[in-house]
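# Breakdown of the fold
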Amino acid sequence: MSQEKDATYTRFSLYSFNFLFVFAAITVVTLAVWLSVAMDNGKLVDTYHVYLVVYCLVAIAILILAACVVSCWGAWNENKVVLYVFIILMWIILIMELALAIWIFYNIEQIKGSLHHTMTYKMRNYGNDTTMDTIQSSYECCGVQYYTDWHNTTWSNAHPGHVPLSCCQGNTKSRDTKCNSEEKGNYYIYGCESKVVYYVGFCYSVVMAILLVTLFVQVVGITLAYALSRLIKDQHLVSRR
């Protein structure tokens with residue numbers, strides 16, 4: 001009788017945690033969409049780095065939802081084989097999440113380091129590429145490290161003593177296409193690199209934090225599923241006697 005009560009309690013605990021699994025899957029999908037949109041601003045981060053993470057997050061969410069279905073089916077029918085399938089799925093997801101978190105951890109500095117090169121390149125090609133306008137308007141900054149970075153560009157040769165309009169404080173739109181860099185207070189003086197690096201680091205840190213929380217929930221789910229499978233096995237042994 002005690003084993004039946006334990007099995008019932010464990011089963012309903014597993015049902016409850018399935019709601020957390022579904023919420024985790026929705027959160028992971030939302031995170032994937034958010035990361036895709038956030039990293040698209042200025043396209044400074046290599047598309048490969050962004051979409052590798054996004055596709056992995058979507059795959060993880062799909063597997064979590066599949067595992068929820070398997071878990072409910074196994075618990076409802078008291079089928080230990082199905083519960084073992086659920087446990088295997090959870091381990092696969094857990095390994096995927098760990099691998100993704102480790103990949104982000106070891107590559108985040110490389111991603112940050114590439115930002116300086118990318119922004120410098122886009123400044124040199126300013127006119128054909130207006131990415132720097134998007135970045136400077138969004139982050140309220142000017143140049144890579146300082147506004148004087150613009151003085152060493154081809155664009156500056158044609159517009160001496162000026163910086164692009166997107167460097168203007170408040171990004172005031174007028175008929176002009178530039179700001180006078182000699183008029184103090186009229187433009188942003190600090191570069192964009194530090195702000196963009198911080199933002200990119202923040203985005204990937206959020207991904208890692210959510211992956212770690214999801215890992216914890218999965219470990220609890222694996223424990224409950226294993227406990228229920230053991231109780232079902234013990235009940236079957238008792239009934240045979």
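Placed above this text is the structure.
Residues numbered from 1 in each chain as written. Predicted model: local features only at pLDDT ≥ 70, side-chain atom pairs only at ≥ 80, totals over all residues. Heavy atoms only, no water.

### A short note on the overall build of the chain
Secondary structure summary: the chain contains six helices and two strands in total. Its helices and strands in sequence order give the chain the pattern α-α-α-α-α-β-β-α, from N to C terminus. Evaluated residue by residue, the chain yields a buried proportion of 44% over its 241 residues. Put simply, the chain shows about 13,300 Å² of open surface, and 63% of that area lies on carbon and sulfur atoms. (Helix = DSSP H or I, 4+ residues; strand = E, 2+ residues; numbered from the N terminus. Buried < 20%, exposed > 50% of the residue type's maximum accessible area, 1.4 Å probe, protein only. Areas by Shrake-Rupley, 256 points an atom, 1.4 Å probe, with all protein chains shown as cover.)

### A closer look at the state of the cysteines
Scanning all chains against the criterion turns up two disulfides. The disulfide partner of Cys-141 is Cys-192, and the gap between their sulfur atoms is 2.0 Å. Taking the torsion about the S-S bond as the criterion, the Cys-141 to Cys-192 disulfide, at about 100°, is right-handed. A residue pair is termed long-range when its members are at least 10 positions apart, and Cys-141 in the loop between helix H4 (131-139) and helix H5 (154-158) and Cys-192 in the loop between strand S2 (178-180) and helix H6 (193-240) qualify at 51 residues. The same class applies to Cys-141 and to Cys-192, which are both buried. The residue that forms a disulfide with Cys-142 is Cys-167, at a sulfur-sulfur distance of 2.1 Å. A torsion of 85° about the S-S bond marks the disulfide between Cys-142 and Cys-167 as right-handed. (Disulfide = S-S within 2.5 Å.)

### Details of the packing of helix H3 (residues 80-124) against H4
H4 packs onto H3 with a crossing angle of 120° between their chain directions and a minimal axis gap of 8 Å. The orientation of H3 with respect to H4, classified from their angle, is oblique. Taken together, the residues of H4 that come into contact with H3 (itself represented by Met-119, Lys-122 and Met-123) are Thr-131, Met-132 and Ile-135. Taken together, the residues that form the contact of H3 with H4 break down as four nonpolar, one polar and one charged. (Axes fitted to C-alpha atoms, helices over the stretch in contact; angles between N-to-C directions. Parallel < 35°, antiparallel > 145°, perpendicular 65-115°, else oblique. Contact = heavy atoms within 4.5 Å. Nonpolar A, V, L, I, M, F, W, Y, C, P; charged D, E, K, R; others polar.)

### A few points about unusual backbone geometry
Residue Glu-140 is not a glycine yet carries a positive backbone phi of 55°. Within the secondary structure layout, Glu-140 lies in the loop between H4 and H5. Residue classification places Glu-140 among the partly exposed residues on the basis of a relative accessible area of 46%.

### Looking at the environment of Lys-80
Within the element layout of this structure, Lys-80 appears in helix H3. When its relative accessible area of 29% is taken as the criterion, Lys-80 is described as partly exposed. For the pair Lys-80 and Tyr-226, spaced 146 residues apart in sequence, the C-alpha separation works out to 8.6 Å.

### Some words on H3
The terminal C-alpha atoms of H3, which comprises 45 residues, lie 63 Å apart, in line with the 66 Å expected from a rise of 1.5 Å per residue. At Asn-107, H3 shows its maximal bend, which comes to roughly 45°. (Expected span 1.5 Å × (residues − 1). Bend = angle between axes of the 7 residues up to and from the residue.)

### Description of the environment of Cys-56
Here Cys-56 lies in helix H2 (residues 47-76). With relative accessibility at 25%, the residue Cys-56 sits in the partly exposed group. Between the C-alpha atom of Cys-56 and that of Leu-100, which follows or precedes it by 44 residues, the distance is 7.6 Å. In contact with Cys-56, not counting residues within four places along its chain, are Met-96 and Leu-100.

### Things to note about a nonpolar patch on the surface
A surface patch of nonpolar side chains, amounting to about 460 Å² of accessible area, comprises Leu-98, Ile-102, Phe-105 and Tyr-106. Structurally, the position occupied by Phe-105 is in helix H3. (Patch = residues over 30% accessible without salt bridge, like charges linked within 9 Å, V, L, I, M, F, W, Y side chains within 5 Å. Salt bridge = Lys/Arg side-chain N within 4 Å of Asp/Glu carboxyl O.)

### Things to note about the nonpolar core
Of all hydrophobic cores here, the largest spans 59 residues; its most connected members are Leu-57, Trp-150 and Tyr-204. At the level of elements, helix H1 (2-40), H2, H3, H4 and H6 are the ones that each hand at least two residues to this core. Considering every element that reaches this core, the biggest residue donor is H3, with 15 residues. The contacts of Leu-57, once residues within four sequence positions are left out, are Val-28, Leu-31, Ala-32, Leu-100, Val-207 and Leu-211. (Core = buried A, V, L, I, M, F, W, Y, C linked by side-chain atoms within 4.5 Å.)

None of the figures reported here should be taken as evidence of function without further support.
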